Amino acid sequence: MEMRQVSDSCFAVLNEKNRVCDANSGLINRAGGVLIDTQSDLAHARQMIELFSKVWPAMPRRVINTHEDADHVWGNQLFPSAEIIAHQSVPGRMKHVADPKESQKLLHGVGSFLMRSILKVLHPGIVAAGQQLLEDYNFDGIELVLPTTLFDTRYELDLDGTEVHLIYVGPCHQVGDTIIHVPKERVVFAGDVLFRQCTPMGWTGSYEKWFQCLDLIIQLDPKVIVAGHGPLCGTEGAIEMKAYLQYVHDESKKCFDEGLTSIDAAKRIEFGPYGEWRAPARLFMNVERAYREFRSEPPDAKWDTAATFDAIYRVAKAKSIEVEY
């Protein structure tokens, strides 16, 4: 984990492994401090606090959650006096997708030889994901702390003369997707609508909505974008991710028209120039998402998480690459 200054007032903490749960955070060090996303577990959240304390010694007055996923909200409890701001959908969604009990149960199960052996037969992908998470994370002690300041489409902060715009853009990656724009300093904190040098994962939304969001980011013309996952970039990061999504959508349509299943399509579709990204077998999720649209299924159709991680595992094995999430 490292801290980078991205403008006069904006800083980022980046998780350099860039795998699942390796989310980034941001800080705007004005008007009491504004923290953007709170990491995946308490140890990482405390490390983030230590890094940011080098430029902002007090605890932040405000916290923004860019969306509801666990890896962006599970450090919330360490900021008991902060105002926590998010889109109005986020508290309800957090109760469903960020309940720590299931993840705690998973890591405890994978950590037990007997349970791991049983799980490996039933869900090898879940075991592989759990073992990867055990390398860096411990979800014990996490309590769900929900945002209390909620907004609909836009929310603006005036930080001693520096305007900060919260813009609701979801659902793209998740229902509550929000980007944070600091116009004066030409910075965008993108949350998980932008993955950089790692394969995106979209749980709720549509390709069309995601394309619109990436176009908006490009139109804002930031000098620096802090992605939800991966290194810093400029607008080239949004352009490249849009090209990836368009490529997967087009290739998926060809396979769908031929009658292939989504997993067989994911095994067939070449990674192309995106094969060097982390976790390329996440391709399955983006193919399946396209298939859901081709089948006219709703954008919030539920995912079977165990089956999804198993499918990513099978795609990686079929392509003879490292199983990585």
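Below is a short write-up of the structure. Computed from a predicted structure; not experimentally measured. (Residues numbered from 1 in each chain as written. Predicted model: local features only at pLDDT ≥ 70, side-chain atom pairs only at ≥ 80, totals over all residues. Heavy atoms only, no water.)

### Some points on the sheet that holds strand S2 (residues 10–14)
To be explicit about the condition: By this definition, two strands are paired if DSSP reports at least two bridges between them. Strands here mean DSSP runs of E at least two residues long; helices mean DSSP runs of H or I at least four residues long; both are numbered from the N terminus. Lines fitted to the C-alpha atoms define the axes, with helices restricted to the stretch that makes contact. Angles between their N-to-C directions range from 0 to 180 degrees. Note on contacts: a residue pair is in contact if any heavy atoms of the two residues lie within 4.5 Å.
Strands sit in the order S1-S2-S3-S4-S5-S6-S7 across an open sheet of seven strands; the sheet is mixed. Of all strands in the sheet, those bounded by a partner on one side alone are strand S1 (2–5) and strand S7 (149–151). On average, adjacent strands in this sheet sit at an angle of 20° to one another, irrespective of strand direction. The sheet contact formed by strand S3 (residues 25–28) and strand S4 (residues 34–36) spans three bridges and is antiparallel. Across the sheet, residue Ile28 finds its bridge partner in S4, namely Val34. Strands S1, S2, S3 and S4 of the sheet are contacted by helix H1 (residues 42–52), whose axis makes an angle of about 145° with S2.

### Quick look at the side chain of Glu324
Stated formally: Residues adjacent in sequence count toward polar contacts only when both atoms are side-chain atoms; beyond that, a polar contact is any pair of N or O atoms within 3.5 Å, and within protein one must be able to donate a hydrogen and the other to accept it.
Considering the arrangement of structural elements, one finds Glu324 in the segment after helix H11 (305–318). Here the side chain of Glu324 touches Arg278 through a polar contact of 2.3 Å, side chain to side chain. Excluding its chain neighbours within four sequence positions, the residues that come into contact with Glu324 are Arg19, Gln132, Arg278, Ala279 and Ile312.

### Structural notes on the sheet that holds strand S12 (residues 224–229)
What the five strands build is an open sheet, ordered S8-S9-S10-S11-S12; its pairing is mixed. Of all strands in the sheet, those with a lone pairing partner are strand S8 (154–159) and S12, marking the two edges. Put simply, the sheet's adjacent strands are angled 20° from each other on average, direction ignored. The pairing of strand S9 (residues 162–168) with strand S10 (residues 178–182) spans four bridges and is classified as antiparallel. Note that in S10 the partner of His165 across the bridge is His181. Sheet strands touched by helix H7 (residues 207–220): S9, S10, strand S11 (187–195) and S12. Its angle to S11, the strand with the most contacts, is close to 160°. Lying on the sheet, helix H8 (residues 235–258) is in contact with S11 and S12; it crosses S11 at an angle near 20°.

### Considering the packing of aromatic side chains
Threshold: For Phe, Tyr and Trp, rings pair up if their centres lie within 6.5 Å, where Trp contributes its six-membered ring, and each pair is then called stacked (planes under 30 degrees apart), edge-to-face (over 60) or tilted (otherwise). Buried, partly exposed and exposed residues are distinguished by accessible area as a fraction of the type maximum, computed with a 1.4 Å probe on protein chains only: under 20%, between the cut-offs, and over 50%, respectively.
Here the structure, examined in full by the defined rule, presents 13 aromatic pairs. Considering the side-chain rings of Tyr244 and Trp277, the 5.2 Å spacing of their centres and the 45° angle between planes classify their relative orientation as tilted. Here Tyr244 is found in helix H8, whereas its partner Trp277 is found in the loop between helix H9 (262–268) and helix H10 (283–294), with 33 residues between them in sequence. Summarising the burial analysis for this pair, Tyr244 and Trp277 share the class buried.

### Looking at the environment of Ala279
By the element assignment, Ala279 lies in the loop between H9 and H10. It is 23 Å that separates the C-alpha atoms of Ala279 and Glu293, two residues lying 14 residues apart in sequence. Discounting residues that sit within four places of it in the chain, Ala279 has contacts with Thr199, Glu324 and Tyr325.

### Notes on unusual backbone geometry
The linkage connecting Gly170 with the following residue, Pro171, adopts the cis geometry, with an omega of -5°. Here Pro171 shows up in the loop between S9 and S10. Even without being a glycine, Asn18 presents a positive backbone phi close to 60°. If you trace the backbone, Asn18 turns up in the loop between S2 and S3.

### Details of the pairing of S2
Most of S2 sits out of view: five of its five residues are buried. Burial along S2 is two-sided: Cys10, Ala12 and Leu14 and Phe11 and Val13, pointing in opposite directions, are all buried. Taken together, the four bridges between S1 and S2 define a ladder with antiparallel strand orientation. When the bridges of S2 are listed, Arg4 appears paired with Ala12. Hairpin remark: S1 followed by S2, antiparallel, with four residues in the connecting loop. In the sheet, S2 pairs with S3 via four bridges, with the strands oriented antiparallel. Bridged to Cys10 within S3 is Ile28.

### A closer look at the pattern of salt bridges
Rules: One side-chain nitrogen of Lys or Arg within 4 Å of one carboxyl oxygen of Asp or Glu is enough to make a salt bridge.
Taken as a whole and assessed by the stated rule, the structure comprises 20 salt bridges. The salt bridge partner of Glu135 is Arg19, with a shortest N-O separation of 2.9 Å. Of this pair, Glu135 sits in the loop between helix H6 (124–134) and S7 while Arg19 sits in the loop between S2 and S3, placing them 116 residues apart in sequence. Under the relative-accessibility criterion, Glu135 is labelled exposed at 52%. Owing to a relative accessible area of 9%, Arg19 belongs among the buried residues under this scheme. When salt bridges that share partners are traced, they join Lys17, Arg19, Glu135 and Asp136 into one network.

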